Each structure stands twice: as structure tokens, then as C-alpha cells.
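# Close look at the chain arrangement
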Amino acid sequence: MAGLAASFGSGAMTNDIAGIKKADVIMIIGSDTGAAHPVIAARIKQAVREGLTKLIVIDPKRITMADYAEIYVAQRPGSDVAIFNCLMQVILQNGWEDKEFIENRLEKFDELKNEVMKEKYSPANVEKISGIPAAKLVEIAEMFAKAETAAIFYAMGITQHTTGRDNVMSTANLQMICGNLGKAGGGVNPLRGQSNVQGACDMGGLPNVFAGYQSVTDEKARQKFEQAWNCELSGKVGLTVVDMLDKAYEGSLKALYVMGENPYLSDPDQHHVIAALEKIDFLVVQDMFMTETAEFADVVLPAVAYAEKDGHFTNTERRVQRIRKALNPPGEAKEDWEIIQMIANKMGSDWSYRDARDICREVNELTPQYGGITWERVGRTGLQWPCPTDTHPGTAYLHKDRFSRGLGMLRGIEFIEPDELPDEEYPLILTTGRVLQQFHTGTMTRKTSGINRLAGPMVMISVDDAESLGIANSETIKIATRRGEITAPAFVTRKISTGVIYIPFHYKESPANRLTNPALDPVAKIPEYKVCAARITKIS
Amino acid sequence: MKIIINGQEIEASPGETVLNAALRSGIYIPHLCYHPRTGPAAKCRACVVEVEGTPGLPTSCNLPVREGMVVSTDTEKVKNAQRVVVDLALSSGRHDCLSCEQNGNCELQDAAYYLGIERPSFHFEQERYPIDDSSEFVYVERDKCISCGRCVVGCNQNVVNEVLNFANRGFETKIVFDNDLKMGTSTCVQCGECVQLCPVGAIIDKNARGVARNWELDKVETVCPYCGVGCQLVLHVDRRKNKIIRITGVEDSPTNSGMLCVKGRYAFDFVGSSERLTTPLIKENGKFREADWEEAIALIADKFRLIRDEFGSDALAGLASAKVTNEENYVFQKFMRREVGTNNVDHCARL
């Protein structure tokens, strides 16, 4: 999101789900859409099937969406910036760019041009870097640039790299020079991976911003919240998840309050996470279940499930939708806001929310994008932010006549290799992700036994690698990296490139994040889950 | 434009079908193969009507409205024709309503009720196919299938999973998965689109069988707790048992148009799981013991205050959540910033 905020001034999916059918070409890169966002995948497949859209898929795995693609290519994980620079070089060389859009809506075009026109991004060179044949790169560039409207969809395959922000800004660069922003069906579309990750960001669940992306370092924003909340506020940017655990490990972070998250399984380098959680003086976990993280807690508080409360989730296309209470919570479980209010008041404060509706009203007052998204107006179809006033219809796609920051900012981005590359000791690239049937750390999906029978732990390896090591399908093997080792049954398949292995991260018995590299993107602070060096061995 | 159905003047729009205009105006015409999301197929012929000046009985599901059109849906001629169609459908399978899961929610039953058919007039072979319960979540009873084709269209054109199809011809027609494999061994991903579209009890939610009658369940619209697409759900809830029995997709939702994935539709056992936390827990000597809210909250408030006063606000941090509501996240960051005094707030957006 940091990448899009820099390029456009707003870090969210620019377009909407309905727009899928208005795109002439869709590029999916770094998203196993069929597994992680199945209903958006269905919409894209419909568009292809109905002859509305041509699909380009770039992914190290031959994902189901590849079956619907006009062009499918597998890249070496971590080579995305080189690929985008190459596509832009081909486009500029052939004059396929949108000159009017570049002239009127963008800045720093020369800076971009200076970088992407370098010889190292020629199709021949990028073939060497990415493994994608040069001719295919040219073909992709042509199909994409010549489309009247083209969209890019991506997910964590783009962001979870030490160059995550560079990757994101590269998608933005390509879409800007092709003039695919500010119109229906185009856009840069990061698919959000959790039901309310967009809402958690919008509401200020981030170390640098209050609700509505109002910066904590901005004097005016701070004053606004100081006045509304009647208090003094810190202007110092806070710690990100990964930083928090580092500080806990070092001993300077004494207390951690965790609401509905499970860093034990979701954070990189599990051994380090465990050491950090053990060191924290006082850990409070508020959850539906005794999660792996909760086991480390000093106090565990029972929270209610989505079906037991009222409120709103904001989906990936910025649509705020109502969630409605259908069941009574078990035992003494309480809604999260109620628990937080109890703690606040016990600490001597003066909170008096009666229900989620009261909170929603305050959100409307203090969050400009949500100004008109009131409890009363959301209705059955929801409203897409920005929706600043009571009469505003909501916004299907962003940056229509101008970017949030005025002009769209192009940036020359140099290709940098991932933090950890394969070597003799660890000769394979390990990449991680999700499967269709399971979700995140499995806290919810793994309670349904049928789901577990459909999808258990596995490591996907290529037929070539399996044969050279004498590994049979479903044989349990050992996977090791510099940070640890796990075992999992091998899934031997032609769907993954030679030299690459893939492990879904849902399973505590085969935790992929015991293996992953905690190296971070320097700005976005996202860990490099998609590339690290690994070794597999038979268990004799 | 205006059309007349059963003497009633109805405002219709060009391109609309007679069936749609009628249903929209509260006039029921039996229909089995038509569904708004699979479109007109004009196969079952239960929706025939009479149109003044037109010979024969056209199917209304694919009949476009014309200015001044005069339509009758309830003459004896029409109803007799509809009766034969529905009677044949009822005769050609094992449509035993008593313990059928779709009882009260069955479009064939609705049609029979409307036409006053008490029992089928013909006696055909009723038990021809073994039940296919090989899939984890979907139960297929082909003897109840009326070959309407909605599931086939749904699987191929809506979710585009391309697993379901028809095999054979005439009376031998049946739905098949891939190359006539059992559902559980086919490439089916169990999204349940076919279950949602089936007008009868032929394809149903396996784990909801025999658990509750449709009319006993409250329907509550909400949003899926899994990925960020934000599919709208209908929770079918048994209030007395305080339990979700099944989940369907909201048909007219702008995000999912009724479609769901296997997680959204079937992975809901966690809500009623016996592993849910029901009381606050405090760790003492490495072991958790139950506590009441008063004690737990007091302990947390004391500790947070102590740590803040001794080590400063930035010695505390909080993780908000990508899985709870906007309101709860808002309040969480407000708590960390206002009461604790730190911007150490984050969540797993990056993970």
C-alpha cells in the first residue's frame, strides 16, 4: 500500500469488481486468484469465457487461472521489477504508450524512461533474469499496451518481497504510461487477503496514520484528533508488527495487546517470534480460540465471532458492507469494542459507547472518506469509499480526473535481487502462499473437518527436482532453510518450475513461517515470504 | 411499455421477458429451468402462457414483451399444459417430500401445489441411480433430478469451474461430474453453486441433511469472514440451537452475485466449535485458570498503567485485526493512541 500511496496518493484497489468485465486485457501477476480470491477469479473467468477479456498470467506456479490465459509464463520468484521494466521498455520503443495521459496526468516521465531504457532491461537480458522467453515478454507488452483498457490484479506475490514497494510502484508505472487509470475496467488492483484488512487500514490500525490515513506526524491531523478525543497524542510514528516483535525480543517492548491475530503462525522466522513472545512481560490476547499465540499470553479474553455481532467490513474494492448479528455468543464472550471500552474505563477513562452504531457515528465524523457511509445508508449493497457526504453515491473507481496527489508520479526503479538467493547449501527457492480450502493461520477453517480432509500440509515440488532426489508423490520429506526445518508430504507436480518449491502457510504442524526470511522491505516493512533459499531432503 | 397479464396492466421494459414482468408484479408462473442467474433455457416448459393472437402456448421465460401484449397465465388451457409438464417431472423421479431436505423450499413442490397435483399420475421407475455422497460437502441424489440444467449452467458459466455436464439423451439424461466420475473424485472444488441453484432436492448441502426444516431457520444477511472479496452471505440459523445450519450467497449482491467458495459456504464450524473461549483466562504459574471479567480487566488495566508509567507509552504495543469490524478497529487504535499514548498499532496487512 505504501507503493500505491507514493505513486497515486492513495493506497487501495483503484477499481471495482464490476469493472472486470470492462477490461479488454487483464494481467494477473503474483496472485493465485482461484485459490485466494475465488469469486473474483470466477468474474475474471466469466469475462474470458464471454469473450470480453484476454488474460495474461505471470506466476511461478501454473495456477488454475493459467488455464484461461491467452499467455501464461512462469517467472523466477523475485524478478518482477525487471519484468515490468522490460515491458515498459518494449512499449516505449514501439510508441505504444498513452502519450496524452503521460503529458497531462503524470510527472517524472524522464526519470522512468532513463531507468527502463537501460540495456539490462532488454527482453534478451530479462529472459536471463526472469526465465521468461524474450519473445513472450514482447508479446505480453504488445497485448497489454494495445488494449483500449487493461487492468492489473495482484496480491501478496507482488508485495511480500524486500522489494515489495518497488514491485507495487512498477505495476503503477506500467498502468500510468498505458493510461489505464481513472477509467472503468482499468487500474492497479491489489486483492486484499482478509475480510477486513482494508477496513483495519482505513480505521487507522497502522503505526503512522489515524483513521482515514491522516498522518500522526501531521500537526493538523493530530490536532483534529486531539480535539475530538479530548487528549494529547503522540506524533511519533509507531512500530510495525515485525518491529514490535524485534523490540520485544530486545526487551524494550514490555506489553503487547493482540486482538484477533496470530503472529505465531503468520509472522516470519517462527523461532524468533517464539523467543519474542516468551520475552514479553505482559501479553494480552483477545480471540475466539486459544490460538498458538494465546498460549503465550498472561491474560486471554474471549471474543465473539463475526456471526455474533453488528458492524461493518470493508472489502477489497473499498465497499463498506454491514455484518449482522445472527447468533448469541458462547458463554461470557464479548464484542471486541466492549472489551476495549472496559479496559479503557478501568484505566480511568470516560468511554460510553452503547453499541457499534455509536462508534460508526464517530468514524463518520473523523474519517473524510467515510463521511457519508453512515449506519443508515449502507443498506444491502454497501457503499464504496471515498464517500464524503450524506448524499454522495460512493466511488466505483479512483483517480478519475486527477490523482489523489494531483499528478501521478512515475519513478525509475532499479531491479534488485531478493535478500536471499539459492546457493550450494540451499539450492532451491522457497515461496509460500495459500490453498483454496484453508485460510491464513487456519484458526477458523481448520475447525471444519471436511476442509481438513480436502487440504492438508504439503510441499509442492517439480517433477524434475523430485526425480533427481528420488522423492515420490506424497512421501514426507524434510524442508530446511537457514532459520529452521519442517516436514511435509511432497506434492510432485508439473505445475511448478524446476528449482522452486511452494508451501502453504496455514498449518501449525508444518509451519512454513518457521522457514521464511524475515528480511523486510525497507519502507513497507513487509517480509520476504515469497523468496528464500531452501533445501529438501528425503527422510531415510 | 405496457402489457396486460391476466387483465392486469403492467409496466414492462423493452427486452424484458414475460416471465420476468409477471414475477416482478407478483404473478406466479411455474418455472423450473429458469433462474435469474442462469437465464432462460425454455427446456422444462412449465412456464407456458397464452398470448392473444399467437398460436400455441409459448414459454414465457424466453418470450420478450411487446407493447400492448395480452397474456394469460391462468386459463384452463394453460394450466392443463403446465400440469402435464409438472406431473411428468413428479412421476419421473423419487420426489418424496416428507423427509426431503428441500421441502418448503422446492420449486417443483411449489409448482405442484399451485397446479393442485396431489400425487403423480404416472408410474415410472423411480430408483435408478445410486446416491453420490462421495464429496465432503455436497450430496447428490440423481433420482430427484429434473434435468433443468441450472447446475450445469451455474458450474460452467457462473463460477466457470467446468465440472458439471449432462450425459446421455432423453429419459437416460443425467448430470455428471467430469467424465462421469463420483463428485468426490472429480475436479469439483465444492463451491456449492450447484446446490444454491438446484430447484429441487437433487443437489444439497451434505452436512445440513436431516438437521432442520427450511421454515424453522432464520435467514440473516452478512459478510463472509474469509478473504477480502467481501461476498455477502445468508446465514440460515436455528435460533433454538443457536447454530448456523447452512450458508448461501446473497443472490443480488454486487460483490458475489450469489456465488461463494468452499470456505465461505462450508467452513463455518468454527463459530459453534466447542473449542471457543467462553470465559477470561489468567495464567498463573504457567497454567491458565478461569477468571471473571472484573478480575481480568482490572489486572490488564493495572499492568498497562504500571508499564506505561514506568517505561513510557512506547513500551506498549497493540495488534489490531484484519478479521474484526471497522468499529472495533477504530476503537482499538483510539485506545492505543488515547489511553496508552502510543502509535504502536499495526495488524497483519502485510502478512
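Residues numbered from 1 in each chain as written. Chains lettered and ligands numbered in written order. Predicted model: local features only at pLDDT ≥ 70, side-chain atom pairs only at ≥ 80, totals over all residues. Heavy atoms only, no water.

## As for the interface of chain A and chain B
- Taken together, the contacts link 151 residues of chain A with 111 residues of chain B.
- With both sides pooled, the region where chain A packs onto chain B buries about 11500 Å², and carbon together with sulfur makes up 62% of that total.
- A per-residue breakdown of the area chain A buries against chain B is headed by Tyr-306, Met-347 and Arg-380 of chain A, which together make up 7% of the total.
- At the junction of chain A with chain B, the criterion picks out nine salt bridges.
- A salt bridge links Lys-309 of chain A to Glu-328 of chain B, with the shortest nitrogen-to-oxygen separation between them at 2.8 Å.
- The interface formed by chain A and chain B holds 77 residue pairs in polar contact (both at pLDDT 80 or more) in total. (Contact = heavy atoms within 4.5 Å. Buried area = accessible area lost by both parts, 1.4 Å probe. Salt bridge = Lys/Arg side-chain N within 4 Å of Asp/Glu carboxyl O. Polar contact = N/O pair within 3.5 Å; in protein donor to acceptor, adjacent residues only side chain to side chain.)

## Some points on the sheet that holds strand 5 (residues 150-154) of chain A
Residues and elements named next belong to chain A.
- Across the sheet, five strands lie side by side as 3-2-1-5-6; this open sheet has parallel pairing. The open sheet is flanked by strand 3 (71-73) and strand 6 (188-190), the only strands paired with a single partner. Geometrically, the sheet is characterised by an average inter-axis angle of 15° between neighbouring strands, direction not taken into account.
- Pairing geometry for strand 2 (residues 54-58) and strand 3, over three bridges, is parallel. Bridge pairing in strand 3 places Val-57 opposite Tyr-72.
- Packing against the sheet, helix 10 (residues 164-177) makes contact with strand 1 (25-29), strand 5 and strand 6, and its axis sits at approximately 175° to strand 5. (Pairing = 2+ DSSP bridges. Helix = DSSP H or I, 4+ residues; strand = E, 2+ residues; numbered from the N terminus. Axes fitted to C-alpha atoms, helices over the stretch in contact; angles between N-to-C directions.)

## Section: the pattern of salt bridges
- One pass over the full model with this rule turns up 54 salt bridges over all chains.
- In this structure, the salt-bridge partner of Asp-96 of chain B is Lys-144 of chain B, at a minimum N-O distance of 3.1 Å. Remark: Lys-144 of chain B occurs in the loop between strand 5 (138-140) and helix 4 (150-158) and Asp-96 of chain B occurs in the loop between helix 2 (76-91) and helix 3 (107-115); sequence separation between them is 48 residues.
- You can call Asp-96 of chain B partly exposed: its relative accessible area is 34%.
- A residue is classified by how much of its surface remains accessible, and Lys-144 of chain B, at 5% relative accessible area, is buried.
- Between Arg-289 of chain B and Glu-284 of chain B there is a salt bridge, and its shortest N-O distance comes to 2.9 Å.
- Residues joined in a network through salt bridges with shared partners are Glu-420, Asp-423, Arg-482 and Arg-483 of chain A. (Buried < 20%, exposed > 50% of the residue type's maximum accessible area, 1.4 Å probe, protein only.)

## As for a nonpolar patch on the surface
Residues and elements named next belong to chain B.
- Where nonpolar side chains cluster on the molecular surface, the patch consists of Val-84, Leu-88 and Phe-122 and spans about 240 Å² of accessible area.
- Residue placement: Val-84 occurs in helix 2.
- The class for Val-84 is partly exposed, based on a relative accessible area of 46%. (Patch = residues over 30% accessible without salt bridge, like charges linked within 9 Å, V, L, I, M, F, W, Y side chains within 5 Å. Areas by Shrake-Rupley, 256 points an atom, 1.4 Å probe, with all protein chains shown as cover.)

## Focus on the environment of Ala-202 of chain B
- Along the chain, the position of Ala-202 of chain B falls in the loop between helix 5 (193-197) and strand 8 (203-205).
- Along the chain, Ala-202 of chain B and Lys-144 of chain B lie 58 residues apart, while their C-alpha atoms are 4.8 Å from each other.

## Quick notes on the domain arrangement of chain B
- Split into domains, chain B comes out as domain 1 (2-115), domain 2 (139-272) and domain 3 (281-347).
- Averaged C-alpha coordinates put domain 2 of chain B and domain 3 of chain B at centres separated by 41 Å. (Domains from an automatic or database assignment.)

## Here's the deal with the pairing of strand 12 (residues 281-284) of chain B
- Relative to strand 12 of chain B, strand 11 (residues 299-302) of chain A runs antiparallel, the two being bridged by two bridges. From the neighbouring strand, Val-299 of chain A faces strand 12 of chain B, where its bridge partner is Ile-282 of chain B.
- Bridging between strand 12 of chain B and strand 13 (residues 287-290) of chain B involves four bridges; their strand directions are antiparallel. In the strand pairing of strand 13 of chain B, Glu-284 of chain B is matched with Lys-287 of chain B.
- The hairpin formed by strand 12 of chain B and strand 13 of chain B contains two residues between the paired strands, and Asn-285 of chain B there has a positive phi angle of roughly 50°.

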